[in-house]
Amino acid sequence: MWVSDNGTFGFGFTSTGSPDELQLSIWYFNLPGDPTIVWSAKRDSPVGREAYVELETTGNLALIDPSTATIVWASNTTGRGVRSAEMSDSGNFILCNSSDDSVWESFSHPSDTLLPGQPLTANPSSLSLSLSYISPNTSLNYSYWSGPQISNATGDVVAVLNDSGSFGVSYGSSSSGTVYVHKNDCDVSGCTKKETGVVLRRLVIGDDGNLRLYRWDVNGLENNKTNVSCTLLTGLSPLENYCTHFEMEAMPQTKYYFSESLVIANFSNVSVGAECEQLCMEDCECVASVFGLDEEEETYCWKLRDVLFGGLQDPSSTLFVKVVRMLERAVEVEVPPMPQAMLELVEEGLDHVYKAMMRRDFGRPVSSTSFAINAAFLSSQATCSYSTMSPR
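Definitions and limits used
- Residues numbered from 1 in each chain as written.
- Predicted model: local features only at pLDDT ≥ 70, side-chain atom pairs only at ≥ 80, totals over all residues.
- Heavy atoms only, no water.
- Patch = residues over 30% accessible without salt bridge, like charges linked within 9 Å, V, L, I, M, F, W, Y side chains within 5 Å.
- Areas by Shrake-Rupley, 256 points an atom, 1.4 Å probe, with all protein chains shown as cover.
- Salt bridge = Lys/Arg side-chain N within 4 Å of Asp/Glu carboxyl O.
- Lys, Arg positive; Asp, Glu negative; His and termini not counted.
- Charge placed at Lys NZ, Arg CZ, Asp CG, Glu CD.
- Helix = DSSP H or I, 4+ residues; strand = E, 2+ residues; numbered from the N terminus.
- Buried < 20%, exposed > 50% of the residue type's maximum accessible area, 1.4 Å probe, protein only.
- Pairing = 2+ DSSP bridges.
- Axes fitted to C-alpha atoms, helices over the stretch in contact; angles between N-to-C directions.
- Arc of directions from axis to C-beta.
- Core = buried A, V, L, I, M, F, W, Y, C linked by side-chain atoms within 4.5 Å.
- Contact = heavy atoms within 4.5 Å.
- Disulfide = S-S within 2.5 Å.

### A closer look at a negative patch on the surface
Residues Asp-294, Glu-295, Glu-296, Glu-297 and Glu-298 make up a contiguous surface patch of negative charge. Topologically, Asp-294 is positioned in the loop between strand E23 (288-293) and strand E24 (299-304).

Listed below in structure tokens is the structure:
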């Protein structure tokens, strides 16, 4: 294990959950519980317990698994003058040349997480940041969310999470040239509550397609939530089909992304949302329906046979989802005291849609899907301040 100078990040092997499978990762070193991973090398190809990492004399960093006699992953930096490596305080793992310039860095090869200061560049053909669904059955990607558009930009166009927790698209060297996807209130003067202690942040794209910003306050939080209780609805009726024992739950200002394979039918003559809701309720194959106005301000109603992933906020659209009908009987459940440290979730997505999906029980698991942030990667121009690994 290799720990950064400030003790925040660790570089080494973490468990995948299987007793004999590991992955090469970077994670928050001092957080409690299971490792919170921020980067991993070829995460879909775990290695055995005899695996090791070697900085070769050629300058290539290689992950080798003797159990399969294979090089599972490599930095592909042979012949580029790599002389040392650094686990930086920012969470960036860097391979350096003799001039302490960056040759390769993990910030330029993200997995599902962006850390503060880790940049993404815009696609040269489009100055738009977007989220896309990667279809497992076709080569097509479906964009279901778009960030702010940038026009007439000069200089590099970069999407980046800053140290204050704001995520935006910047162009040029001036901070005034920034269009924000999420703006932290404390990123401007006049914040009523100042952050104390160390604050760790990360931006994550989840398996449900939502982009989420997490914050962990290491110090300065009080444990003042000790008597919290909630109401638990009980008494689910047995499920017979998609009609019996279900009700519709409406999510206003929500537009759900779907592919053509999920469409049962669409209607252009439905004038109100309640009618679109009822059409789905009466169809035992229907799981959800979407009602709204198109660009020509004509109404639409789509009936869907499944909900696989996320959507976006849209004031002109309403999503209706079938959920299990709950009985009105309730019991009080005591919740254990909150831990000293607190995790704050700020979401640019539809967590309420995902929660509604989890309430359904159709006798089968929700399908696994893949998502990506559409952007190319830009080198952060990192420099190396010291050396703790040398080629051998």
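### Some details on unusual backbone geometry
Even without glycine at this site, Ala-69 takes up a positive phi of about 55°. Topologically, Ala-69 is positioned in the loop between strand E6 (61-65) and strand E7 (70-74). The class for Ala-69 is exposed, based on a relative accessible area of 70%. Unlike most non-glycine residues, Asp-100 shows phi in positive territory, near 60°. Along the chain, Asp-100 turns up in the loop between strand E9 (93-97) and strand E10 (102-105). What makes Asp-100 partly exposed here is its relative accessible area of 28%.

### A short note on the pattern of salt bridges
Summed over all chains, the structure comprises 3 salt bridges. Across the salt bridge formed by Asp-112 and Arg-43, the nearest N and O atoms sit 3.6 Å from each other. In this pair, Asp-112 sits in the loop between E10 and strand E11 (113-114) while Arg-43 sits in the loop between strand E4 (37-40) and strand E5 (52-55), placing the two residues 69 residues apart along the sequence. Residue Arg-43 is classed as partly exposed on the basis of its relative accessible area, which comes to 42%.

### Let's talk about the sheet that holds E10
Pairing is antiparallel across the open sheet formed by 3 strands, whose spatial order is E8-E9-E10. Looking along the sheet, the strands with just one partner apiece sit at the ends: strand E8 (82-87) and E10. The mean angle between the axes of side-by-side strands here comes to 25°, regardless of whether they run parallel or antiparallel. Inspection of the sheet shows E9 paired to E10 by 3 bridges, in the antiparallel sense. In the strand pairing of E10, Cys-96 is matched with Ser-102.

### Overview of helix H1 (residues 273-281)
Residues of H1 that are buried: Gly-273, Cys-276, Cys-280 and Met-281. One side of H1 carries all its buried residues, which in axial view fall inside an arc of 140°.

### Some thoughts on the nonpolar core
Core analysis: the largest hydrophobic core is formed by 29 residues, its most contacted members being Phe-11, Ile-26, Trp-73, Phe-93 and Leu-95. At the level of elements, strand E2 (9-15), strand E3 (22-28), E4, E6, E7, E8, E9 and E10 are the ones that each hand at least two residues to this core. For this core, the element with the most residues is E3, which contributes 4 residues. Once residues lying within four places of it in the same chain are set aside, the contact partners of Phe-93 are Trp-2, Phe-11, Ile-26, Leu-61, Ala-85, Glu-86, Met-87, Trp-104, Glu-105 and Ser-106.

### Examining the state of the cysteines
The final tally for this structure, using the stated rule, is 2 disulfides. Cys-276 shares a disulfide with Cys-301; S-S distance 2.1 Å. Taking the sign of the torsion about the S-S bond as the criterion, the disulfide between Cys-276 and Cys-301, at about 85°, is right-handed. Pair noted here: Cys-276 is in helix H1 and Cys-301 is in strand E24, with a separation of 25 residues, a long-range link. Like Cys-301, Cys-276 is buried. Paired by a disulfide, Cys-280 and Cys-286 hold their sulfur atoms 2.1 Å apart. One quick way to see it: the torsion about the S-S bond of Cys-280 and Cys-286 is about -100°, and its sign makes the bridge left-handed. Exposure class is identical for Cys-280 and Cys-286. Each is buried.

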